[in-house]
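# Residue-level structural notes
The primary structure of each chain is shown beneath.
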Amino acid sequence: MLKTRSPGLRLALAGALTLVALPALAADTLRVAIGFPPGGRGDTLYQNFVQHLDEYSDGTLTGKVYPLNLLSFKESLPGLRDGIADVALVPSPYFPSELPVTNLLHELVGLGEVRAEDKDVGAMALIGAINEYMLLECEACWSEAAAHNQVALNAGTSSRYNLLCAKPVYTAEQLEGVRIRAGGSFYARWVKAMGATPVTMSGNEEFEALSQGVLECTTNAPYALEEFGLAEVAPFINTSFPGGGSYSDLANVNLDAWRGLDDAQRKAMLHAAADLSAELYWSFREGDKSGVKKALSYGGEIRAADPELVAKSEAYLQSDLQAIVENYRDNRGVETAPEIYARLTELFDRWVPLVENVTGAEEMSEVLWREVHSRLDPAAYGL
């Protein structure tokens, strides 16, 4: 069990030893850093996460959430490494050179678009497949995390990305040359393939860029229309593409902090991590409804793209999966990229029937816990 961080409390307890038996120490508090703004949907999800920690650890472990005021998304990987936080959301696309194998997994979001008829089922199946491979089989993933003094407990994504724009963009002509924020190389390639201009920047910067005309669109889930205020500057919603989602390691733990936990506390963190992956996805799906409503209140609209543009996007996504694999093998040093892709495809197909009847976060969490997180040995994982 982690020791309390309060020197004063330790001294007071030591002084009381001559008078009374030492009582059990209070539950330790982990510092949980997220790049989401305070009071929003992301903040609420991580408040739930620390409540789950308390529940699953029988009160021996909890956390305090620091939304956007301890580590930004860009600071998450080095900040967690250096112990500024104990737990952090680490968006892997921000760290392509540091986390190449993890990014390969997270960049294969097109699998859910091209391999499942129901895109929402495809999204859930991919969450399951990535978690299973990353946590149970991917030694390279474990090594990448350890190299930055951390251990990854889960992966997760938002709901499917749409094209959120300051103006109507539903045809090839309207899309031509449009400046679009791409939250990762997968989206940058898609934007370029569609004849538009990709702009890479943090999600924390997109509101200002859209309001100033630096961007005309962004690739994001519709929840961001309310969560980040984008309805005010990008109320036109194209639901057809690009699809996928923004994968991150949702709960990486500082390795020193992880080693300081006992086995029961590590198991509690793994259980809470399974819940977080499920709850984040389903919360974003609910948030999409609120985001769309907000955009409409600003005079926006929601509709699908013209059929010829949809066909162009689907054909591109089919070809891009192989291009991703070749790029990581030939240019990013991941020599096993073809084998990773083949195995992830097998796991994806395994997960489709596991989630096709899932209708909410609780059901999805149960499947993730049963199929992945409960199979990890808390006495050995990450150590």
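Scope of this entry: the structure provided in the associated data block. Keep in mind that this is a model prediction, so the values were computed, not measured. (Residues numbered from 1 in each chain as written. Predicted model: local features only at pLDDT ≥ 70, side-chain atom pairs only at ≥ 80, totals over all residues. Heavy atoms only, no water.)

### So, the side chain of Asp-249
Here is the rule: Strands are runs of DSSP state E lasting at least 2 residues, helices are runs of H or I lasting at least 4, and numbering of each runs from the N terminus. Burial classification: accessible surface area is computed with a 1.4 Å probe over protein chains only, and a residue below 20% of its type maximum counts as buried, one above 50% as exposed, and the rest as partly exposed. For this count, His and the chain ends are skipped, Lys and Arg are scored as positive, and Asp and Glu as negative. We count a salt bridge whenever a side-chain nitrogen from Lys or Arg sits within 4 Å of a carboxyl oxygen from Asp or Glu. In what follows, residue pairs with any heavy atoms lying within 4.5 Å of each other are defined as contacts.
If you trace the backbone, Asp-249 turns up in strand S10 (residues 249-254). No salt bridge is formed by the buried Asp-249; the nearest opposite charge belongs to Arg-332, separated by 13 Å. Beyond its immediate stretch of four places on either side in the chain, Asp-249 contacts Ala-88, Leu-89, Val-90, Thr-102, His-106, Met-134, Ala-152, Asn-154 and Ala-155.

### Here we look at the environment of Asn-254
In this fold, Asn-254 is placed in strand S10. Here the alpha-carbon distance between Asn-254 and Val-199, two residues 55 residues apart in the chain, equals 32 Å. Each residue touching Asn-254, except ones within four places of it in the same chain, is listed here: Leu-80, Arg-81, Gly-83, Ala-85, Asp-86, Asn-149 and Gln-150.

### A short note on the nonpolar core
Let me state the cut-off plainly: To define a nonpolar core, start from buried Ala, Val, Leu, Ile, Met, Phe, Trp, Tyr and Cys residues and group those joined through side-chain atoms within 4.5 Å.
Within the largest apolar cluster, 118 residues are counted, with the highest numbers of intra-cluster contacts made by Tyr-46, Phe-49, Trp-258 and Met-269. Here this core gets 13 residues from one element, more than from any other, and that element is helix H13 (residues 263-297). Filtering out sequence-adjacent residues up to four positions away, Met-269 remains in contact with Leu-30, Phe-49, Leu-53, Leu-61, Val-87, Leu-153, Val-253, Trp-258 and Leu-261. Ranked by size, the runner-up nonpolar core spans 9 residues in total, among them Leu-77, Ala-88, Val-90 and Phe-95.

### Looking at the pairing of strand S2 (residues 61-67)
Where a strand is regular, its side chains alternate between the two sheet faces. Our working definition: Between any two strands, at least two bridges found by DSSP are needed for them to pair. Whether a crossover is right-handed comes down to one check: with the strands pointing away from the viewer, does the path from the first strand over the helix to the second run clockwise; if it does, it is right-handed.
Counting buried positions along S2 yields 5 of 7 residues, so the element is predominantly enclosed. Pairing of strand S1 (residues 28-34) with S2 involves 7 bridges; the strand directions are parallel. What sits directly across from Thr-29, in S2, is Thr-62. Assessed by its sense of winding, the connection that carries the chain from S1 through helix H2 (residues 41-56) to S2 is right-handed.

### Considerations on the packing of helix H6 (residues 119-136) against H13
Our working definition: The axes used here are C-alpha line fits, helices contributing only the stretch in contact, and every angle between their N-to-C directions lies in the interval 0 to 180 degrees. Should an angle fall under 35 degrees it is called roughly parallel, over 145 degrees roughly antiparallel, and 65 to 115 degrees roughly perpendicular, with every other angle called oblique. The handedness criterion is simple: a crossing whose near helix is rotated anticlockwise from the far helix by less than a right angle is left-handed, and one whose near helix is rotated clockwise is right-handed. The nonpolar class holds Ala, Val, Leu, Ile, Met, Phe, Trp, Tyr, Cys and Pro. Asp, Glu, Lys and Arg form the charged class, and all remaining residues, Gly among them, are polar.
H13 packs onto H6 with a crossing angle of 160° between their chain directions and a minimal axis gap of 11 Å. What the angle tells us is that H6 and H13 run roughly antiparallel. Note on packing geometry: the crossing formed by H6 with H13 is right-handed. In this structure, H6 contributes Asp-120, Ala-123, Met-124, Ile-127 and Asn-131 to the contact, and H13 contributes Ser-277, Tyr-281, Trp-282 and Arg-285. Taken together, the residues of the contact of H6 with H13 sort by class into 5 nonpolar, 2 polar and 2 charged.

By themselves these figures say nothing about function.
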